[in-house]
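Residue-level structural notes
Here is what each chain is made of, one letter per residue.
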Amino acid sequence: MPAEVRIPTILRPYTGGDKIVTGEGVDLGRLIADLDSRYPGIAERLVDEQGLRRFVNVYLNDEDVRFLGGLDTVVADGDSVTILPAVAGG
Amino acid sequence: MLTIRGELIDAMAAHARADHPDEACGVIAGPDGSGRPERFIPMVNAARSPTFYEFDSADLLRLYREMDDRDEEPVVIYHSHTATEAYPSRTDISYASEPGAHYVLVSTRECGSGDGPVEVRSFRIIDGVVTEEPIEIVA
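Let's talk about the overall build of chain A
For chain A, the count of helices and strands is two helices and eight strands. Helices (α) and strands (β) of chain A occur, in sequence order from the N terminus, as β-β-α-α-β-β-β-β-β-β. Its C-alpha atoms give chain A a radius of gyration of 12 Å, near enough to 12 Å, the size a compact globule of 90 residues would have. Counting only C-alpha atoms, chain A reaches 40 × 30 × 25 Å along its principal axes. A sequence separation of at least 24 residues applies to 49% of the contacts in chain A between residues at least 6 apart. Counting only carbon and sulfur atoms, one obtains 51% of the accessible surface of chain A, whose full area is about 4300 Å².

So, in structure tokens, the structure goes:
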């Protein structure tokens, strides 16, 4: 299921500078694995053993996937995935 | 070097005073590639904490969509420290994720919510390395 994925500035070195790429997978976890197969290293920046990294926000269409199913969130053909690092600090 | 209008420095300081003792945070957006901070966007600190700040995740998406539509980028990302100096904390450094942005720190430790002096300093934070830079205030 190809979905459009919007890549934040800090991760664009992985995608050769591309701001929008295409990813495939029935759910977010598989879509990230697909991205990693073409943009090695990107998955490591998004997930850890616990799932999505705490300070990375991923949105399916307009919804934060934390309020959907996290990495199990179903991705449909034509969906739009947006990745944004949290703006946070102490 | 950060070149910025004085009224924008005042706006960040006023926001920091108003939210003291919690940390205040926000962005000053500017045209893509210009490096010129122009549009002041105070954000809500979803953590409402004196030691931590985080943009609300829905607000963050809205902010980035809006900047995208206007061909803007976050030229300045600011937040306040309310009990310590205006220097990036370890947490600030580990979560800094806009290599092109000027990270502006405002300290209200002396003035609190009042009229006393605020400390305002600007930094680049790239790959965990902090570099302070001068601030040039223009009219």
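A few points about the sheet that holds strand β2 (residues 25–31) of chain B
All names here are of chain B. The strand order β3-β2-β5-β6-β7-β8 describes an open sheet built from six strands, whose pairing is mixed. Among the strands making up the open sheet, the edge pair consists of β3 (39–43) and β8 (129–133). Strand-to-strand, the axes of this sheet are offset by a mean angle of 30°, without reference to chain direction. Relative to strand β5 (residues 72–81), β2 is paired through seven bridges, and the arrangement is antiparallel. The residue bridging V27 from the neighbouring strand is I77, located in β5. Strand contacts of helix α1 (residues 6–19): β2, β3, β5, β6 (102–107) and β7 (119–126), with the helix running at about 10° to β3, the strand carrying the most contacts. Across the sheet, helix α2 (residues 57–69) is in contact with β2, β3 and β5; its angle to β3 comes to roughly 170°.

Looking at unusual backbone geometry
Residues and elements named next belong to chain B. Backbone torsion omega between H20 and P21 reads 10°, so that peptide bond is classified as cis. Considering the arrangement of structural elements, one finds P21 in the loop between α1 and β2. A positive phi is found at D127, a non-glycine position, where the angle reads about 50°. Classification of D127 as exposed rests on a relative accessible area of 78%.

Description of helix α1 (residues 28–38) of chain A
All names here are of chain A. For α1, the full list of buried residues reads L28, L31, I32, D34 and L35. The buried residues of α1 occupy an angular sector of 155° when projected down its axis, which confines them to one face. For α1, exposure combined with an orientation more than 90 degrees from the buried face picks out R30 and S37.

A look at the pattern of salt bridges
In total, this model carries 19 salt bridges over all chains according to the counting rule given. Across the pair K19 of chain A and D68 of chain B runs a salt bridge whose closest N-O atoms are separated by 3.1 Å. Pair noted here: K19 of chain A is in the loop between β1 (2–6) and β2 (20–24) and D68 of chain B is in helix α2, and the two residues belong to different chains. You can call D68 of chain B partly exposed: its relative accessible area is 30%. Put simply, E44 of chain A and R53 of chain A hold a salt bridge, and the shortest N to O gap is 3.4 Å. The network of salt bridges with common partners includes E4, R6 and K19 of chain A together with D68 of chain B.

Parameters and conventions
Residues numbered from 1 in each chain as written. Chains lettered and ligands numbered in written order. Predicted model: local features only at pLDDT ≥ 70, side-chain atom pairs only at ≥ 80, totals over all residues. Heavy atoms only, no water. Helix = DSSP H or I, 4+ residues; strand = E, 2+ residues; numbered from the N terminus. Rg over C-alpha atoms; globule rule 2.2 N^0.38 Å. Contact = heavy atoms within 4.5 Å. Areas by Shrake-Rupley, 256 points an atom, 1.4 Å probe, with all protein chains shown as cover. Pairing = 2+ DSSP bridges. Axes fitted to C-alpha atoms, helices over the stretch in contact; angles between N-to-C directions. Buried < 20%, exposed > 50% of the residue type's maximum accessible area, 1.4 Å probe, protein only. Arc of directions from axis to C-beta. Salt bridge = Lys/Arg side-chain N within 4 Å of Asp/Glu carboxyl O.

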